[in-house]
Amino acid sequence: MLETSARLLRLLSLLQTPKDWSGTELAERLGVTSRTIRRDVDRLRELGYVVHATAGTPGYRLGAGAGLPPLLLEDDEAVAVAIGLGTAAVSGVAGIQETSVRALAKLEQVLPPRLRHRVGDLRSVTVPLAGPATAVDPAVLTGIAAAVRHRESLRFDYRSHDGTEDRRTAEPYRLVNSGRRWYLVAWDTGRDDWRTFRVDRLRLHTPNGPRFTPREPPSADLVRYVSERISVDPYRYRGRFTVHAPADVVAARMPPTMAVVEPADDGTCILSAGSHSLDELAMWTAQLGVPFEVHEPPELIQHIRALGTRLVDAARDQTPA
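Here the structure is a predicted model, which means the values were calculated and not measured.

Rules of the game
Residues numbered from 1 in each chain as written. Predicted model: local features only at pLDDT ≥ 70, side-chain atom pairs only at ≥ 80, totals over all residues. Heavy atoms only, no water. Core = buried A, V, L, I, M, F, W, Y, C linked by side-chain atoms within 4.5 Å. Buried < 20%, exposed > 50% of the residue type's maximum accessible area, 1.4 Å probe, protein only. Helix = DSSP H or I, 4+ residues; strand = E, 2+ residues; numbered from the N terminus. Contact = heavy atoms within 4.5 Å. Pairing = 2+ DSSP bridges. Axes fitted to C-alpha atoms, helices over the stretch in contact; angles between N-to-C directions. pLDDT = per-residue confidence, 0-100. Parallel < 35°, antiparallel > 145°, perpendicular 65-115°, else oblique. Salt bridge = Lys/Arg side-chain N within 4 Å of Asp/Glu carboxyl O. Phe/Tyr/Trp six-rings, centres within 6.5 Å; stacked < 30°, edge-to-face > 60°.

1. A word on the nonpolar core
Counting residues in hydrophobic clusters, the biggest one holds 17 residues, and the most contacted among them are Val243, Val250, Leu271, Leu288 and Leu300. Where this core is concerned, the elements lending two or more residues are β9 (237–243), α9 (247–253), β11 (269–275), α10 (278–286) and α11 (298–315). Those residues in contact with Leu288 that lie beyond four places of it in its chain are Val243, Val250, Arg253, Met254 and Leu271.

This is the structure we're talking about:
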């Protein structure tokens, strides 16, 4: 009985790989006959697994069932799922936190001690840096994803950063997650241009609009495109700097939600960032702690000169003679 159970687990592991297995291949991998494979497939079906038999050359593949049968995970896969559930438990997706905690509790109950220790060690030394994000309804995320997949237009009310709300119709292209917020990249049919929408600010209307033919995306680098739209374009002042430090070093200090960082060469990079305050732009860049030059806007160059003079004057020795 133990040998049969072990063979069933091994068979299930093979069927979970994304390919069709012939009965002969499975028999050779497990060291049994094709007749035994057929019996084992029937046992898996009795346990709730949907195993499809492919047409033509006899073969098998695992399919989706009406319910969720037990999963067979390798060690690294189990740890990855546990870490992912732990991250989802503190995410900005409304309603998913409690569900993630319940799922994580069930998974940890069946984790072998060696894996439970790995997950526990990581959790014990990890502190989330980001504060709470505006929650997003998971139904909105899945609704957008379905519209992208089926190429259906979306109709929604959108609240801009100044609080005004209007009706939009858009052809959705991709969802982008910054870690704290979700963004929708879509072709706004009313404005005849690409736009980036914060998902927590939109309210979907049903049913979806008509199907559409996908357009060329606004950029081959969608991460950079969204970063520019949220960290540079909305602001009154748009700064561009040459920073004398490698791009990966600067990007670690300036995430995509704050700035766009592009490598210039091995030791320098171009940083673009926006703000409604010249002081804020100057201080953000100065706090990197490395040399930099300002290219634009012109008023920032003059502002930094004046700010530098005030700082030098303030640092002079004021001790009475």
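Now that the structure is up, let's keep going.
2. Topic: the environment of Tyr158
Mapped onto the elements, Tyr158 comes out in strand β4 (residues 154–159). Judged by relative accessible area, which is 7%, Tyr158 ranks as buried. Measuring from C-alpha to C-alpha, the distance between Tyr158 and Thr169 comes to 10.0 Å, with 11 residues separating the pair along the chain. If near-sequence neighbours (up to four positions away) are discounted, Tyr158 is found in contact with Thr164, Glu165, Asp166, Arg168, Thr196, Phe197, Arg198, Arg201 and Leu202.

3. Some words on the sheet that holds strand β12 (residues 292–296)
An order of β10-β11-β9-β12 is seen for the four strands of this open sheet, with the pairing classed as antiparallel. Among the strands making up the open sheet, the edge pair consists of β10 (260–263) and β12. Averaged over all pairs of adjacent strands, the angle between strand axes in this sheet comes to 25°, irrespective of strand direction. Pairing geometry for β9 and β12, over four bridges, is antiparallel. Residue pairing in the sheet places Thr242 in a bridge with Glu293 of β12. Along the sheet face, helix α8 (residues 222–231) touches β10 and β11 and points at about 135° away from the line of β10. Contacts from α11 reach β9 and β12 within the one sheet, and its direction differs from that of β12 by about 140°.

4. Points about the sheet that holds strand β2 (residues 50–54)
Taken in spatial order, the three strands line up as β1-β3-β2 in an open sheet, and their pairing is antiparallel. The open sheet has two free edges, formed respectively by β1 (21–22) and β2, since each of these has just one partner strand. Taken strand by strand, helix α3 (residues 34–46) contacts β2 and β3 (59–63), and its axis lies near 140° from that of β2.

5. Focus on the pairing of β4
Both β4 and strand β5 (residues 165–177) contribute to a ladder of six bridges, which runs antiparallel. Bridging from a neighbouring strand, Phe156 pairs with Arg168 of β5. With antiparallel pairing between neighbouring strands as the criterion, β4 and β5 make up a hairpin whose turn holds five residues, including Gly163 at a positive phi of roughly 95°. Pairing between β4 and strand β8 (residues 202–205): four bridges, direction antiparallel. Considered in β8, the bridge of Tyr158 is made with Leu202.

6. Describing the confidence of the model for the protein
For the protein, per-residue confidence averages 83 on the pLDDT scale, and 83% of positions sit at 70 or higher. When mean pLDDT is taken per element in the protein, β4 scores highest with 96 and helix α5 (residues 96–110) scores lowest with 67.

7. Some words on the packing of α10 against α11
Taken N-terminus to C-terminus, the directions of α10 and α11 make an angle of 70°; their axes are 10 Å apart at the nearest point. One finds that α10 runs roughly perpendicular with respect to α11. Two secondary-structure elements touch here, α10 through Leu278, Asp279, Leu281, Ala282 and Met283 and α11 through Glu299, Leu300, His303, Ile304 and Leu307.

8. Digging into the pattern of salt bridges
For the structure on display, the rule yields 18 salt bridges. Linked by salt bridges that have partners in common, Arg224, Glu228, Arg229, Asp233 and Glu262 make up one network.

9. Quick notes on the packing of aromatic side chains
Taken as a whole and judged by the stated rule, the model has six aromatic pairs. Taking the centre distance of 5.1 Å and the plane angle of 80° together, the rings of Phe156 and Phe197 count as edge-to-face. Within this pair, whereas Phe156 is found in strand β4, its partner Phe197 is found in strand β7 (residues 193–198), the two being separated by 41 residues in sequence. The pair Phe156 / Phe197 is uniform in exposure class, with both members buried.

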